[in-house]
Number of protein chains: 2
Amino acid sequence: MPTYTPPLRDMQFVMHEVLDVTSDFKAIPKYAEADAETINAVLEEAGKFATEVTFPLNMSGDAEGCTLNKETHAVTTPKGFKEAYHKYVEGGWPALSCDPAYGGQGLPLVLNQCFYEMLNSANQAWTMYPGLTHGAYAALAEHGTEEQKQLYLHKMTSGEWTGTMCLTEAHCGTDLGLMRTKAEAQPDGSYLITGNKIFISAGEHDMTSNIVHLVLARLTDAPPGIKGVSLFIVPKFNVEKDGSLGSRNSIYCGGLEHKMGIHGNATAQIVIDGARGYMVGQPNKGMQAMFVMMNAARLGVGNQSLGLTEVAYQNALAYAKDRIQMRSLSGVKAKDKPADPIIVHPDVRKMLLTAKAYAEGGRALAIYCSVLLDKAHNHPDEKVRKDSDEMLSLLTPIVKAFSTDNGHIATNMCLQVFGGHGFIKEWGMEQFVRDNRINMIYEGTNTIQSLDLLGRKILGNNGATLKKFGKLVAQLVEEEGVNEKMAEFINPIAYLGDQMTKFTTELGFKGFQNPDEVGAAAVDYLRVAGHLVHGYFWARMAQVALREIAAGNTDPFYQAKLQTARFYFAKLFPETATLMRTARAGSKVLMDTDAALA
Amino acid sequence: MPTYTPPLRDMQFVMHEVLDVTSDFKAIPKYAEADAETINAVLEEAGKFATEVTFPLNMSGDAEGCTLNKETHAVTTPKGFKEAYHKYVEGGWPALSCDPAYGGQGLPLVLNQCFYEMLNSANQAWTMYPGLTHGAYAALAEHGTEEQKQLYLHKMTSGEWTGTMCLTEAHCGTDLGLMRTKAEAQPDGSYLITGNKIFISAGEHDMTSNIVHLVLARLTDAPPGIKGVSLFIVPKFNVEKDGSLGSRNSIYCGGLEHKMGIHGNATAQIVIDGARGYMVGQPNKGMQAMFVMMNAARLGVGNQSLGLTEVAYQNALAYAKDRIQMRSLSGVKAKDKPADPIIVHPDVRKMLLTAKAYAEGGRALAIYCSVLLDKAHNHPDEKVRKDSDEMLSLLTPIVKAFSTDNGHIATNMCLQVFGGHGFIKEWGMEQFVRDNRINMIYEGTNTIQSLDLLGRKILGNNGATLKKFGKLVAQLVEEEGVNEKMAEFINPIAYLGDQMTKFTTELGFKGFQNPDEVGAAAVDYLRVAGHLVHGYFWARMAQVALREIAAGNTDPFYQAKLQTARFYFAKLFPETATLMRTARAGSKVLMDTDAALA
């Protein structure tokens, strides 16, 4: 059975020592009270919740899965899931970072970020039930009418109701312009919605009295394609004006998918058979509101893989210290044992350090993004809001794709550390791999993320936002350029930054002639960008560690950080050498292959 | 539901056009009759068997798994598995490449290689039941007494009995020196064996009347460690001198593992409770005989991933042509449809071509190895036998690790082509990923393979065998060095060969000072070697294709081959740039990490 310890020390390091988030919060009136002590205390409790309440249900939830009663359309979640959800509600956890106007606790999003990392380590499948609600909350908070907000957000904040996002149909996943679900306007201002959705995570369950489905559909007179899509609230139970539950709406679960992983989450086929719906935002502008939700979800998916990387690492590390097998190549290490613990072997260390480096780099990036999100929404200075929003939009596809690909690499390596035992269910490692696998796909496949990054976010504004990130790198280079001890961390990112700038310009020209050049380079490009970003945060973390060590701090945490930074730059970051080559190799070898792909 | 078409044309291309295997066979008296026509005809029938008999049982076998009756210790395999095995026996398939002295058909091993590739594409879990038998057969054929061979090999050749290899115990997988299973000599020359084995593939089943377990155990007076391990035949039913079945031996299945994949194969915990055993080979020399089996199994495991790569590719290709989603970045391609098939997108093509290039490169390597194996055993010239054996021992860890890692990459990419549907069981793609995952672990983890390659096979003889492979590369470079059209294929391997030679010398020196340098570089080194070998075969395949095209051959097969070769060198081979860097980055960043890995 796997174990899990919340990485509170590392979260505190990133928040307080690297990013100094409370200084940012001081500039945001509503967070003026959010000091380090409060943050740390809340996260300690949050860690207990994850460890004690949802983690023990992870393997049993995987083994049991969800069941659908085909007659009543009711879904039963695995044993204990419902009770864990009730504890989540009782603890006030859904409200953590929600708006006090709707009953929220109004704490910074970074708390929810760290809490959800821990929940994802503990049990990704369970976490998706409350997790989806945050995206729906954000979409309604930004695009709903005041009446809608009053009617729905209180109950979502309290956790009495959950939310979903209903986008995908059998014939359209990436390409939502092909959507067929219809919405017919009714005289009372509501709509009758009809259609079939698939892959709806947490789409039906037994945890709450109501589910607030946010459904994309097409008005009867809508223009074709993506510009004819509108967003609707379609509650499972209609909601009366006083907030009480009315009649059962005609939206129900028609089937559950059998999946590779996240068995504990109900991935529902949703049948919408003339259900009552209420428009959110403007007609045919549904994608705008949905993107609020999707961007939240994309960060959330990156956070899922971060959680899985961390928990897989912790267990592989424990196993590598415990399992004895063979002697060290450089001489016996454990003289009192018949063999050495496998952690003495260089490649076992490499696999462990890979997971550790991706977890800690990913955590710094994720926390940085949560602060950007808070600043984008809540900072009093408009320029800060705009800049934060831009930077976040650049980093979102990187968080989604880079963190989930790294989660794939890391969970597979951690499984490998267990040898044959990694393949056996009782050790729990293979579940982390299976659960992580969906993260590379949903909320926009990682290829789609790369096109979003390179096509829209970078070439779409001539690299302006990328340059802003480049300025952060340049600033660090300037700060530390004369510090010899920082050279091993600074030089690689300075060099890569220059290479990327040059390559981006090249690609701009090539893509103008032939857009397939962008498509051919995008996935490699995103991974290079991911390393630039991780490299930047690793350099900043090394900077803090070096400073503490120089000041005489003997806490081994700082040595550990420095060693991991060195490993990262020596063994993982050099992947960019190949990626730059293959990205530059262009589209011809892909597109001139009609005979090969016949 | 996935589909599968045996890649007969590609097998024929490698056998007849690239490697000209029948010329080799002409020099081997027992294969003088094995002409291309015979080979092709047998493989066509073999393909039908895989497609029609075992492929339809792949998904149902995964869903159903094996069950153990805890009272009788009987294992029931998934529905249809037993009947499929009977058809396999009726068709005479077990005997294909076995020795006529024991009832075999005496055909070259390349036939069995290609047959098993197809069986693995069709159903890896089923294929392991007969597959393990070949390894046990090889060990007995080489190290058994004539009496043992007469008693067991006929029944294994006919398929009446299957074989297993019982090595692993709960506390020792890689490190067989820790083994505890005991063997006590009996006055009649037999032994009483007692111990517990785990992870025994095909360890118990309902397909045959007997199972020939080959069991590693320790004589009561054995020296400690790996030099005190002997090999024993421990049949499920004792075998009388006339070959009839006697009493039930005290070796039975105590439990079945619940695994990530290969659910249809019974991975058994084997309890040996004073069972009657018969020594194979010499006392305390069990590893010698076992290595015959393990080397066969290592090639076999590479072949499993080759099969999965091929079938995953075929299905992803079909899906990419069928699924419409978004428009091509370079303009509408399917004007009559609401969107373009996703095969127009550069990254989808890249994922498909990755799988195709690894399948076809892996197939060339696997077929080459099967010819080496035949030459090592059967060639009349001793020098050819010795050279072939040496080359094969160099290539075996590469086949095992490179093919299975590539299978991991390829099956995951093919799953990704399906988007969300790839995660759903009914499409079958996620099973290929799960089944492949064990291939990177069993028969020696891929890290162990890399240490075997670099430590034993390369540095162990000062790079002599590597130089022999280098000569093949040099010969090709010389042959084609003036051919401009071959430059794009020849230059990269010539350059990489030089780099490897230099780096191997470097490593020899560094490893002498500090053996952990070898352990730190080995995994990267093996992957570089894999690309050198694949690159060599891709260059040879391109050579044939260019020659045919120049001669006016308009079969699009040759264009396809050329396009795939170009893709391989442009997008996959450059991985070596990073691998050389990270291999050179040394062991310090791994070993000086005690704080990080505390």
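In this text the structure is predicted, and so the values were computed from the model without any measurement.

When you go through chain A residue by residue, the secondary structure sums to 18 helices and eleven strands. A compact globule built from 598 residues would reach a C-alpha radius of gyration of about 25 Å, and chain A, at 24 Å, matches this within 12%. Along the longest, intermediate and shortest principal axes, the C-alpha atoms of chain A span 80 × 60 × 60 Å. Residue pairs in contact within chain A that sit at least 24 positions apart in sequence constitute 73% of those at least 6 positions apart.

Moving on, we get to the UniProt feature "domain: Acetyl-CoA dehydrogenase-like C-terminal" (unreviewed entry) in chain A. The feature "domain: Acetyl-CoA dehydrogenase-like C-terminal" (unreviewed entry), as annotated in UniProt, sits at residues 473-593 of chain A in this numbering. Along residues 473-593 of chain A the backbone is 83% helical and 0% strand, and the end-to-end C-alpha distance reaches 39 Å.

Residue and element names in this part refer to chain B. The biggest cluster of nonpolar side chains holds 200 residues, and the ones touching the most others in it are L43, L352, L395 and F469. Top element by residues in this core is helix α15 (residues 516-550). It accounts for 18 residues. Discounting chain neighbours no more than four positions away, the residues touching L395 are L365, Y368, C369, L372, F469 and V533.

When chain A is fitted onto chain B, the two copies agree to an RMSD of 0.0 Å after a turn of 180° and an axial shift of 0.0 Å. The superposition operator between the copies reduces to a two-fold rotation axis. Rotation axis and chain A: the residue whose C-alpha lies nearest the axis is A:T578, separated from it by 2.8 Å. Taken as a fraction of all interface residues of chain A, those also at the interface in chain B reach 100%, which identifies the copy contact as same-surface.

Moving on, we come to the pairing of strand β6 (residues 210-219) of chain A. Residue and element names in this part refer to chain A. Among the ten residues that make up β6, ten are buried, leaving the element largely enclosed by the rest of the structure. Where strand β3 (residues 161-166) lies against β6, six bridges are found, and the strand directions are parallel. Bridge pairing in β6 links T164 to H213. Bridge analysis of strand β4 (residues 182-185) against β6 gives two bridges, and the strand direction is parallel. Following the sheet pairing, K182 is matched in β6 by R218. Two strands pair when backbone bridges link them, and β6 and strand β7 (residues 230-235) are joined in this way by six bridges, in the antiparallel orientation. From the neighbouring strand, L214 faces β7, where its bridge partner is I233.

Another point: the side chain of A:H205. Residue and element names in this part refer to chain A. Inspection of the secondary structure assignment puts H205 in the loop between β5 (191-201) and β6. On the basis of relative accessibility, which here comes to 3%, the residue H205 falls in the buried class. Within the structure, the side chain of H205 is placed 2.8 Å from the side chain of T162, a separation counted as a polar contact. From its side chain, H205 meets the backbone nitrogen of M207 in a polar contact 3.0 Å long. Residues in contact with H205, not counting those within four places in the same chain, are V75, T77, Y129, T162, I211 and K236.

Glancing now at unusual backbone geometry. If a residue is not glycine, its phi is most likely negative; likewise, a peptide bond is most likely trans. Residue and element names in this part refer to chain B. Despite not being glycine, I262 shows a phi value in the positive range, around 35°. You can see I262 is positioned in the loop between β10 (251-256) and β11 (267-280). Judged by relative accessible area, which is 2%, I262 ranks as buried.

Further remarks concern the domain arrangement of chain A. Residues and elements named next belong to chain A. By domain assignment, chain A separates into domain 1 (8-67 + 77-143), domain 2 (162-285) and domain 3 (292-584). Taking the mean C-alpha position of each, domain 2 and domain 3 sit 35 Å from one another. Contacts between the two partners involve ten residues from domain 2 and, on the opposite side, ten residues from domain 3. Carbon and sulfur atoms supply 78% of the area that domain 2 and domain 3 bury against each other, a total of about 830 Å² over both sides. On the domain 2 side of the contact with domain 3, M165, M260 and I262 bury the most area, a combined 60% of that side's loss. In this structure, the connection of domain 2 to domain 3 is made through zero salt bridges. Connecting domain 2 to domain 3 are two residue pairs in polar contact (both at pLDDT 80 or more). A per-class count over the side of domain 2 that touches domain 3 returns five nonpolar, five polar and no charged.

So, on to the environment of B:L572. All names here are of chain B. Within the element layout of this structure, L572 appears in helix α16 (residues 556-572). The class of L572 is buried, set by a relative accessible area of 8%. In this structure the C-alpha to C-alpha distance between L572 and K485, which are 87 residues apart in sequence, comes to 20 Å. In this structure L572 touches T354, A357, Y358, H531 and F567, once residues within four positions along its chain are discounted.

To continue, consider the environment of A:M326. Secondary-structure assignment places A:M326 in the loop between α8 (286-322) and α9 (346-378). Each C-alpha atom, one on A:M326 and one on A:K561, is 29 Å from the other, the two residues being 235 residues apart in sequence. Discounting chain neighbours no more than four positions away, the residues touching A:M326 are A:A339, A:D340, A:H345, B:T174 and B:D175.

As a further point, take the packing of aromatic side chains. The geometry of an aromatic ring pair comes down to the distance between the two centres and the angle between the two planes. Taken as a whole, this structure holds 62 aromatic pairs over all chains when the rule is applied. With a centroid separation of 6.4 Å and 25° between ring planes, the pair formed by A:W538 and A:Y568 is classed as stacked. Taken together, the positions of A:W538 in helix α15 (residues 516-550) and A:Y568 in helix α16 (residues 556-572) put the pair 30 residues apart, joining distant regions of the chain. By relative accessible area, which is 0% here, A:Y568 ends up buried. A centroid spacing of 4.1 Å and a plane angle of 20° characterise the contact between B:Y319 and B:F418, whose relative ring orientation is stacked. Taken together, the residues B:Y319 in helix α8 (residues 286-322) and B:F418 in the loop between α10 (382-417) and α11 (429-437) connect sequence positions 99 residues apart.

When the UniProt feature table is mapped onto this chain numbering, "domain: Acyl-CoA oxidase/dehydrogenase middle" (unreviewed entry) sits at residues 165-273 of chain A. Annotated as residues 165-273 of chain A, this span is 0% helix and 49% strand, and its ends, taken at the C-alpha atoms, are 17 Å apart.

On to the side chain of A:R363, then. All names here are of chain A. Secondary-structure assignment places R363 in helix α9. What makes R363 buried here is its relative accessible area of 1%. For R363, the residues in contact, after removing those within four places along its chain, are P7, D10, M11, V14, E117, L306 and E310.

Following the criterion strictly, the structure yields 62 salt bridges over all chains and no others. Among the ionic pairs, A:E45 bridges to A:K48, the shortest N-O distance being 3.2 Å. Of this pair, A:E45 and A:K48 both sit in helix α3 (residues 36-54), three residues apart, roughly one helical turn. For A:E45, a relative accessible area of 40% translates into the label partly exposed. Owing to a relative accessible area of 36%, A:K48 belongs among the partly exposed residues under this scheme. Here B:E204 and B:R248 are joined by a salt bridge, their closest N and O atoms 3.9 Å apart. Placement of the pair is B:E204 in the loop between β5 (191-201) and β6 (210-219) and B:R248 in strand β9 (residues 245-248), with a sequence separation of 44 residues. With a relative accessible area of 2%, B:E204 lands in the buried category. Residue class for B:R248 comes out partly exposed when judged on its relative accessible area of 35%. Connected via shared salt-bridge partners are A:D10, A:E117, A:E310, A:K356, A:E360, A:R363 and A:K561.

All right, on to the interface of chain A and chain B then. When the parts of a complex come together, some accessible area is lost, and that lost area is often taken as the interface size. Contacts between the two partners involve 93 residues from chain A, matched on the other side by 93 residues from chain B. Of the roughly 7700 Å² buried at the junction of chain A and chain B (both faces included), carbon and sulfur atoms supply 63%. Seen at the junction of chain A and chain B, the total is four salt bridges. Taking the shortest distance from any N to any O, the salt bridge between B:D524 and A:K350 comes out at 3.0 Å. If you look at where chain A meets chain B, you find 54 residue pairs in polar contact (both at pLDDT 80 or more). It is α16(A) that provides the largest number of residues to the side of chain A that touches chain B, a total of nine residues. Tallied by class, the residues present in the side of chain A that touches chain B amount to 45 nonpolar, 26 polar and 22 charged.

All names here are of chain A. Its 35 residues place the ends of α15 50 Å apart at the C-alpha level, agreeing with the 51 Å of an ideal helix rising 1.5 Å per residue. In terms of burial, α15 is a largely internal element, 30 of the 35 residues being buried. Two residues or fewer past α15, G552 is found with a positive phi of approximately 90°.

Where α9(A) contacts α15(B), the axes come no closer than 8 Å and their chain directions differ by 55°. In terms of their interaxial angle, α9(A) and α15(B) are classed as oblique. Contacts from A:P346, A:D347 and A:K350 of α9(A) reach α15(B) at B:D516, B:G519, B:A520, B:V523 and B:D524. Considered class by class, the residues forming the contact of α9(A) with α15(B) number three nonpolar, one polar and four charged.

Reading the values: the criteria
- Throughout this document, residue positions are counted from 1 along each chain, in the order its sequence is written.
- In the order they appear in the text, chains get letters beginning with A and ligands get numbers beginning with 1.
- Whole-chain, interface and lining totals are the exception, using all residues; otherwise, since this is a predicted model, local features are given only for residues with pLDDT of at least 70 and side-chain atom pairs are given and counted only at 80 or more.
- Neither water nor hydrogens contribute to the side-chain values; these are computed over all heavy atoms in the structure.
- Working definition: helices are DSSP H or I runs of at least four residues, strands are E runs of at least two. Numbering for both runs from the N terminus.
- Two things to know: the radius of gyration comes from C-alpha atoms, and the globule rule equals 2.2 Å times the number of residues to the power 0.38.
- The criterion used for residue contact is that any of the two residues' heavy atoms lie within 4.5 Å.
- UniProt positions are given in the numbering used here, feature names are shortened, and annotations may be inferred rather than shown by experiment.
- Only buried residues count toward a nonpolar core, which is a set of Ala, Val, Leu, Ile, Met, Phe, Trp, Tyr and Cys residues joined through side-chain atoms within 4.5 Å.
- Exposure classes here rest on a 1.4 Å probe applied to the protein chains alone. A residue is buried below 20% of its type maximum, exposed above 50%, and partly exposed in between.
- Least-squares fitting of one copy onto the other uses the C-alpha atoms of those residues that reach a pLDDT of at least 70 in both copies.
- The criterion for strand pairing is that DSSP finds at least two bridges linking the strands in question.
- Pairing of N or O atoms within 3.5 Å defines a polar contact, subject to two protein rules: one partner must be a possible hydrogen donor and the other a possible acceptor, and residues neighboring in sequence count only if both atoms are side-chain atoms.
- Domain delimitation follows an automatic or database domain assignment.
- Here the quantity called buried area is the accessible surface, traced with a 1.4 Å probe, that two parts lose on coming together, added over both.
- One speaks of a salt bridge when a side-chain nitrogen belonging to Lys or Arg is within 4 Å of a carboxyl oxygen belonging to Asp or Glu.
- All amino acids are sorted into three groups, where Ala, Val, Leu, Ile, Met, Phe, Trp, Tyr, Cys and Pro are nonpolar, Asp, Glu, Lys and Arg are charged, and the leftover types, Gly among them, are polar.
- In summary, the pairing rule links any two rings of Phe, Tyr or Trp, Trp by its six-membered ring, whose centres are within 6.5 Å, and it sorts them by plane angle into stacked for under 30 degrees, edge-to-face for over 60 and tilted for everything else.
- One less than the residue count of a helix, multiplied by 1.5 Å, gives the span that helix is expected to have.
- The convention used is that axes are lines fitted to C-alpha atoms, helices contributing only their stretch in contact, and that angles between N-to-C directions extend from 0 to 180 degrees.
- Orientation is classified from the angle alone, with under 35 degrees giving roughly parallel, over 145 giving roughly antiparallel, 65 to 115 giving roughly perpendicular, and any other angle giving oblique.

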